[in-house]
Amino acid sequence: MDITRSSPAPVRVVAVPPEPEPADLTALPEPIAVEPLQTLPATATTTTITTATTATTTTATTSATATATDVRGRRSRSRPRDLLALLRPGQWVKNLAVVPLALLDTHPWGTAAFLRTGWAVLGFTLASALVYVVNDLADRERDRLHPVKRHRPIASGRVSTLAAFVLTGALALALAGWAVAGPAWQWWPTALYLALSLAYSQGLKHVPLVDAFIVATGFVLRLVQGALLIGAQMSEWLALCVFSLCLMLALGKRRHEMTAAGRAHRPALRGYTLAFLDHLVVLVAVLTAVSYVLYLRDDASLAAGASLVTLLSAPCAVFGLARYLQLLLVEEGGGNPVHVLFRDRATLVNAALWAVLVALALLLPQSPA
């Protein structure tokens, strides 16, 4: 019996090739894992990086172009708003706060006095808007270095130089029409204000102390313009109070600029130091308080028995000055007096109380002569 021929064992089952799937899967990673990284030349790496950088730059340039196009579209749509911002309507409240002060010495009040006061406010609003545009044109390069002023319409490029010049001409024509339509030769305070402002823009703003004094003088001229148009005799103490108060605010603004942007923005700041400005601001604040009390005592047209009201209003005035000094010297703010007036709660409450007391002292029946 031949066992060799009858047994199936010698059939070489082991010789049957293995399943191809596991062999192929284990062999795939080996040729790809190392060789391309080891044999890749440096030139190919540089070319790859350069290509990626070029693609990134192209993408960024395309995005920037699209953004610039979008910005130009927004500028064209927002141009009227930017032109209005160039006139600084938020600053027009200064004319409303100063020009009508001439009414304090006018009794009895009538419709004509209010209309003429409104005419004076209109004239100085046009004049101050013209000055703002001229100043922004002259300072556009310097404003670009300031952290806040670089956002102004001309400095930021939202309003072109040509458009600003056209607006300047339109404001000048409107102001000339205002002067011709008003009472003859009663516009000289506005004309003097424009002359001082032009000299300020052309170089006096770079002279320490002179720059702040010119700004304060402009507010006194507002008061004089209001008094001329309503025919009132202006009080010297009231004029001194307005001058010293506005001088304090102008000096405070320069101090705030020094702390916010240094001396590089405004050349006149090289003539100041923080300690010097601190002394000046306090000195002028004292002068403001004293001149206000003297105005109430000597020149104000108060009602009979209004001495108590006057006594109560004086601490309100002193508190207002002290609060501004606190914002300026302690909290490093107060650079914009208009924002202080309308955003600080303590100032708002104090101003409302002061206005009520002064109104009572002025509106009650006058004592018989």
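Rules used throughout
- Residue indices follow the written sequence of each chain, beginning from 1 at its first position.
- Where local features are concerned, this predicted model is filtered to residues with pLDDT of at least 70; where side-chain atom pairs are given and counted, the filter is 80 or more; whole-chain, interface and lining totals use all residues.
- Where side-chain values are given, they derive from all heavy atoms of the structure, hydrogens and water being excluded.
- Comment: elements are numbered from the N terminus, with helices defined as DSSP H or I runs of at least four residues and strands as E runs of at least two.
- Partly exposed residues are those whose accessible area sits between 20% and 50% of the maximum for their type, while under 20% is buried and over 50% is exposed, using a 1.4 Å probe and protein chains only.
- Contacts are assigned to residue pairs with any non-hydrogen atoms lying within 4.5 Å of each other.
- Accessible areas in this description were obtained via Shrake-Rupley with a 1.4 Å probe; residue shielding takes into account the shown protein chains only.
- Each patch is assembled from residues with relative accessible area greater than 30% and no salt bridge, linking like charges that lie within 9 Å and nonpolar side chains (Val, Leu, Ile, Met, Phe, Trp, Tyr) that lie within 5 Å.
- Any carboxyl oxygen of Asp or Glu that lies within 4 Å of a side-chain nitrogen of Lys or Arg is treated as forming a salt bridge with it.
- The way it works is a 1 Å grid over only the protein atoms, where trapped points that fit a 1.4 Å probe form a cavity and open points with protein on both sides within 12 Å along at least five of seven lines form a pocket, and then any residue with an atom within 4 Å of a point lines it.
- Grid points are joined across faces, edges and corners, and a volume is the space filled by probe spheres set on the points.
- The nonpolar class holds Ala, Val, Leu, Ile, Met, Phe, Trp, Tyr, Cys and Pro. Asp, Glu, Lys and Arg form the charged class, and all remaining residues, Gly among them, are polar.
- Per-residue confidence from the prediction method is given by pLDDT, with values spanning 0 to 100.
- Lines fitted to C-alpha atoms define the axes here, with helix axes fitted over just the stretch in contact, and angles between the N-to-C directions of these axes take values from 0 to 180 degrees.
- An angle counts as roughly parallel when it lies under 35 degrees, as roughly antiparallel when it exceeds 145, as roughly perpendicular when it falls between 65 and 115, and as oblique in every other case.
- Put simply, a nonpolar core is a bunch of buried Ala, Val, Leu, Ile, Met, Phe, Trp, Tyr and Cys residues held in one set by side-chain atoms that sit within 4.5 Å of each other.

Structural notes on the overall build of the chain
The helix and strand tally for the chain stands at 17 helices and zero strands. Counting every position in the chain, which comprises 369 residues, the buried fraction comes to 37%. Restricting to contacts in the chain with at least 6 residues of sequence separation, those with at least 24 account for 74%. Approximately 21,200 Å² of the chain is accessible, and the part contributed by carbon and sulfur atoms is 70%.

Observations regarding a nonpolar patch on the surface
Together, L204, V207 and V210 line one region of the surface with nonpolar side chains, adding up to about 180 Å² of accessible area. Along the chain, V210 falls in helix α12 (residues 210–230). The exposure class of V210 is partly exposed, given its relative accessible area of 33%.

With respect to the pattern of salt bridges
When the charged atoms of two side chains with opposite charge come close together, those side chains can pair. Overall, the coordinates contain 12 salt bridges when judged by the stated rule. Note that D139 and R142 form a salt bridge whose closest N and O atoms lie 3.5 Å from each other. Overall, the relative accessible area of 26% leaves R142 in the partly exposed class. A salt bridge links R152 to D143; its shortest N-O distance comes to 3.5 Å. Across the pair, D143 and R152 agree in class, each one buried. A network of salt bridges, in which partner residues are shared, links R88, D136, D143 and R152.

Considering empty space enclosed by the protein
Considering all chains together, one arrives at one cavity of 30 Å³ or more under this definition. Residue lining of the largest cavity: W119, W178, A179, G182, P183, Q186, W187, Q225 and L229, and that is the complete set. Broken down by class, the residue content of the lining of the largest cavity amounts to six nonpolar, three polar and no charged.

Remarks on the environment of L122
As for its position among the elements, L122 is in helix α7 (residues 111–138). Taking relative accessible area as the criterion, L122 reaches 39% and is therefore assigned partly exposed.

Topic: the confidence of the model for the chain
Parts of the prediction with low pLDDT should not have their coordinates interpreted in detail. Considering every residue of the chain, the mean pLDDT works out to 77; 73% of them sit at 70 or more. Overall, residues 1–17 carries pLDDT values under 50, and its contacts beyond four positions in sequence, including any with other chains, amount to one contact. In this model residues 20–78 is a low-confidence stretch, pLDDT under 50, and it forms six contacts with partners more than four residues away in sequence or in other chains.

Examining the environment of F124
In this structure, F124 sits in helix α7. Separated by 30 residues in the primary sequence, F124 and K94 place their C-alpha atoms 9.7 Å from one another. Setting aside its immediate chain neighbours within four residues, F124 contacts N95, P189, T190, Y193, G218, L221, R222 and Q225.

Some words on the packing of α7 against helix α11 (residues 188–202)
One way to put it is that α7 packs onto α11 with a least axis distance of 10 Å and a crossing angle of 10°. With respect to each other, α7 and α11 are oriented roughly parallel. When α7 is examined against α11, the residues G123, F124, A127, S128, L130, V131, V134 and N135 are found in contact with a partner set consisting of P189, T190, Y193, L194, S197, Y200 and S201. Classifying every residue of the contact of α7 with α11 gives nine nonpolar, six polar and no charged.

Quick look at the nonpolar core
Proteins that are soluble and globular tend to have nonpolar side chains buried together. Grouped together as the largest cluster of nonpolar side chains are 43 residues, with contacts concentrated most on L223, V242, M248, L251 and Y272. Secondary-structure elements contributing two or more residues to this core are α12, α13 (236–261), α14 (274–298) and α15 (307–330). Grouped together as the second largest cluster of nonpolar side chains are 20 residues, L130, L137, I154 and A164 included.

Points about unusual backbone geometry
A positive phi angle, near 55°, is found at R88, a position not held by glycine. Examined against the element boundaries, R88 turns out to sit in the loop between α5 (42–86) and α6 (93–98). The exposure class of R88 is buried, given its relative accessible area of 18%.

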